[in-house]
Amino acid sequence: MAEVRLDNVTRQFGSVVAVNAINLTIADGEFVALLGPSGCGKTTTLRLIAGLEQADGGHMYIGDRDVTNLPPRDRDIAMVFQDYALYPHMTILDNIGYPLKVRGTPRAELTKRVTEVAERLQIGNLLQRRPGQLSGGQQQRASVARAVVYHAQVFLFDEPLSNLDAKLRVEARAFLKRLQHELDVTAVYVTHDQAEAMALADRIAVMNHGRIMQLGAPLEVYRRPQNLFVASFIGSPPMNLLPCRVDLGARRLVFAGGAALEMTGMMERLPASLRDGEMVTLGIRPEHITIRETAGASTLPVKVYVTEPLGGESLVITQMGDLLISIRLFQDEPPSLPDAVWLELNMTHTFLYGAEGELMR
Amino acid sequence: MEQKPAIFSARVGALFLLPALAFVALFLLFPFVWVIVLSFTNQTLTGATAANPEFVGLANYERLFDFDRWMRAGEFGSSLLITVQFVLGSALIGQAGLGLLIAWLFYRRRGWLRTVVTTLVVLAWIIPEVVVAFAWFAFLDRDAGTFNNILDAFGLGRPDWLFNYPLLSIMVFNTWRGTAFSMLLFQSALETIPPSYIETAEVAGASGWQKFRHILLPLLIGHIITDLILITLWTFNVFTPYLLTGGGPRNQTQLVSIYTYETAFQFFRFGQGAAIAVVIMFINLTLAMIYLAILRRQRAAT
């Protein structure tokens, strides 16, 4: 068990900066998810921690050891890959026991320890099989078992659930979270699936272009996205982001096409630096909008575009000029609506983002 | 399988195949049968038996397997033993071993060194035979050869390689000449192994040798057997060393291919030469069957 610390770690591939001076401290026993779109640098960050990539700058520490220049085998880590990487020519017993074998563990003890771990992961009856004879879920467990068996200090997961079908994925997710709590190990988990990151992690690091855009507890990241990127990435559907102009005199936000909203309810949260006429982006989650059939004192006129029943809830997608605004309703059947409706926004749940995409208080 | 509509009827198709089949029959099938027929006769180029060859039964074969004399220099047994040494040394250990070593050393590495080594190895493979033989003849020459000039510069003397170490010389030559095939085969086989296999082993604590022994080698074994089948057969039949040593000195490098050539085309004893060719054919067939059986068993195990 150990803390993992990245200090200004950089990795370049030619002219592309995959990881750009990242600072990240993962506490002992903490589960941190690296979340972001393809090419954001999350996998490279994980591989840097593993030692499978060499940092071009910065330092890395596991516990109090500087591991920056250590090869993977000396870092005391375990890693689970997306394709499970089970060796087709070995039985499951030999696969799980491989890390023990290279450490020179006697065969009897190896078999004993592998059997213990396999029982715990409910694959004890499969030890004599070969990987090809196992289902995807069983292979995934075998590959986790191989990581667990040698008591490494840090667990690294590279999208370990991506190859499972949707139902198994939810199961495996719960099982991984449970296991991490029981073992009380430090874990770093790479995923592009925000639901997975939210469900599993103690903290999420949202990444883009080789940088960490926000680091925080899942709900913190969801409730208070620090910038436009995180706002547009977290949430399904993501936050509605509406460009508008600040009219300080009339205390209104004016949208393209002339529609306007009163800024009451958000005034006390506005930064002192906000200038009259400044272009900003108003952010609001789909669940904080109410649909009205008549115009109100502060409503946006929109056209209903489509409605989507999602089972437990439904989505109404509306259109204002070029903008699509989605509204989440916690009812299983979408309401029947006239073509033209008005949206009332709960202003206490709105965010203003500045021209650089930063959250303004 | 989806049935594609035929462009030609089967009959028209057969018609198009006819010229090719005729060629195969004329230049492959006919000589094959003819060699077997020839091996039971005393056909020669000149003399009485040139015009009127006689059927001699198994006499040609008995001559080959006359165990009183067959291990003498210049006889079939001796030639076979030389060939076995040559195949073991230059194909199995030399080409396959060196090819595997190079492929492994440059596994998951890029850069100019890999490019240079790969290019040189492949170059040795594609240069025309006569050019290569002449180059090595010049390289190994006792008095003016590059190799001895280098050795001499370090005070290591000037051995006459082709005279005193002829078998070793042609083994080194053939290794140099043919490593490319094995190397390329193993390089592309290594490319097909998912990187995560090796990375998992790296993270789990395996050393370089352990990664090779436990992960790469078992995954390559099918390719290694395939490679051994091919290079064994090729090396068994290779003739290029004749250009270097002419089978000598004193028949020390008389491979079976050279033995056949000398019998049939230097002493013009066609019948005898044909018998040797038939025996070699059976040896090759047996070797291929053994390898294929191993390959089948190996596939069944995984």
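Right above here is the structure, for reference.
A quick note: this is a predicted structure, and the numbers were derived from the prediction, not measured. (Residues numbered from 1 in each chain as written. Chains lettered and ligands numbered in written order. Predicted model: local features only at pLDDT ≥ 70, side-chain atom pairs only at ≥ 80, totals over all residues.)

Peer 1: What's the story with the overall build of chain B in this structure? I'm lost.
Peer 2: For chain B, the count of helices and strands is 14 helices and 0 strands. Ordered by position from the N terminus, the helices and strands of chain B form the series α-α-α-α-α-α-α-α-α-α-α-α-α-α. Relative to the 2.2 N^0.38 estimate, which gives 19 Å for 302 residues, the radius of gyration of chain B is 24 Å and therefore markedly larger than a compact globule would have. With respect to the three principal axes, the spread of C-alpha positions in chain B is 75 × 75 × 35 Å. Considering only contacts in chain B between residues 6 or more positions apart, those separated by 24 or more positions represent 70%. (Helix = DSSP H or I, 4+ residues; strand = E, 2+ residues; numbered from the N terminus. Rg over C-alpha atoms; globule rule 2.2 N^0.38 Å. Contact = placed C-beta atoms within 7 Å.)

Peer 1: Before we go on, may I ask you to explain the packing of helix α2 (residues 92–102) of chain A against helix α3 (residues 107–120) of chain A in this structure?
Peer 2: In a packed pair of helices, the relevant descriptors are the angle between the two axes and the axis-to-axis distance. Residue and element names in this part refer to chain A. Viewed as axis vectors pointing N to C, α2 and α3 meet at an angle of 125 degrees, and their least axial separation amounts to 9 Å. Put simply, α2 runs oblique to α3. As α2 packs across α3, the resulting crossing turns out to be right-handed. Touching L93, I96, G97, L100 and K101 of α2 are L110, T111, R113, V114, V117 and A118, all from α3. Grouping the amino acids of the contact of α2 with α3 by side-chain chemistry returns 7 nonpolar, 2 polar and 2 charged. (Axes fitted to C-alpha atoms, helices over the stretch in contact; angles between N-to-C directions. Parallel < 35°, antiparallel > 145°, perpendicular 65-115°, else oblique. Left-handed = near helix turned anticlockwise from the far one by under 90°. Nonpolar A, V, L, I, M, F, W, Y, C, P; charged D, E, K, R; others polar.)

Peer 1: Any chance you could explain the pairing of strand β10 (residues 211–216) of chain A here in plain terms?
Peer 2: A regular strand places its side chains on the two faces of the sheet in alternate fashion. Residues and elements named next belong to chain A. In terms of strand pairing, strand β9 (residues 203–208) meets β10 through 5 bridges, oriented antiparallel. Across the sheet, the residue bridging to A205 is L215, located in β10. Counted between consecutive antiparallel strands, the loop separating β9 from β10 contains 2 residues, among which H209 sits at a positive phi close to 50 degrees. (Pairing = 2+ DSSP bridges.)

Peer 1: Help me understand the sheet that holds strand β5 (residues 65–66) of chain A in this model?
Peer 2: Paired through backbone hydrogen bonds, the strands of a sheet run either parallel or antiparallel to each other. Residue and element names in this part refer to chain A. Strand order in the open sheet formed by 4 strands is β2-β1-β4-β5, with antiparallel pairing between adjacent strands. The open sheet has two free edges, formed respectively by β2 (16–26) and β5, since each of these has just one partner strand. Where strand β1 (residues 4–13) lies against strand β4 (residues 57–62), 5 bridges are found, and the strand directions are antiparallel. Residue pairing for β4: T10 is matched across the bridge by G57.

Peer 1: Is there a simple way to explain the pairing of β4 of chain A in this structure?
Peer 2: All names here are of chain A. In the sheet, β4 pairs with β5 via 2 bridges, with the strands oriented antiparallel. By the bridge assignment, Y61 is partnered in β5 with D66. Joining the antiparallel neighbours β4 and β5 is a turn of 2 residues, in which G63 adopts a positive phi near 65 degrees.

Peer 1: Even after reading the chapter, I still don't get the interface of chain B and chain A, so can you show me in this structure?
Peer 2: Frequently, the measure chosen for interface size is the accessible area removed from exposure when the parts meet. Tallying the contact residues gives 15 residues for chain B and 17 residues for chain A. Within the residue set of the side of chain B that touches chain A, elements represented by two or more residues are α10 (195–204) and α11 (208–237) of chain B. Per element, the largest residue contribution to the side of chain B that touches chain A is 7 residues, and it comes from α10 of chain B. Split into classes, the residues belonging to the side of chain B that touches chain A amount to 8 nonpolar, 5 polar and 2 charged.

Peer 1: Could you clarify how one ought to interpret unusual backbone geometry in this entry?
Peer 2: Residues other than glycine predominantly adopt negative phi, and peptide bonds predominantly adopt the trans conformation. All names here are of chain A. Omega for the peptide link from S236 to P237 comes to 0 degrees, which places this bond in the cis form. Mapped onto the secondary structure, P237 falls in the loop between α8 (228–233) and β11 (240–247). Unusually for a residue other than glycine, A85 sits at a positive phi of about 50 degrees. Of note, A85 is situated in the loop between β6 (77–80) and α2. With phi around 50 degrees, H151 is a residue other than glycine that occupies positive phi space. With respect to the helices, strands and loops of the structure, H151 is situated in the loop between α4 (136–148) and β7 (154–158). Classification of H151 by C-beta neighbours within 10 Å gives exposed; the count is 12. (Buried ≥ 20, exposed ≤ 12 C-beta atoms within 10 Å, placed from the backbone.)

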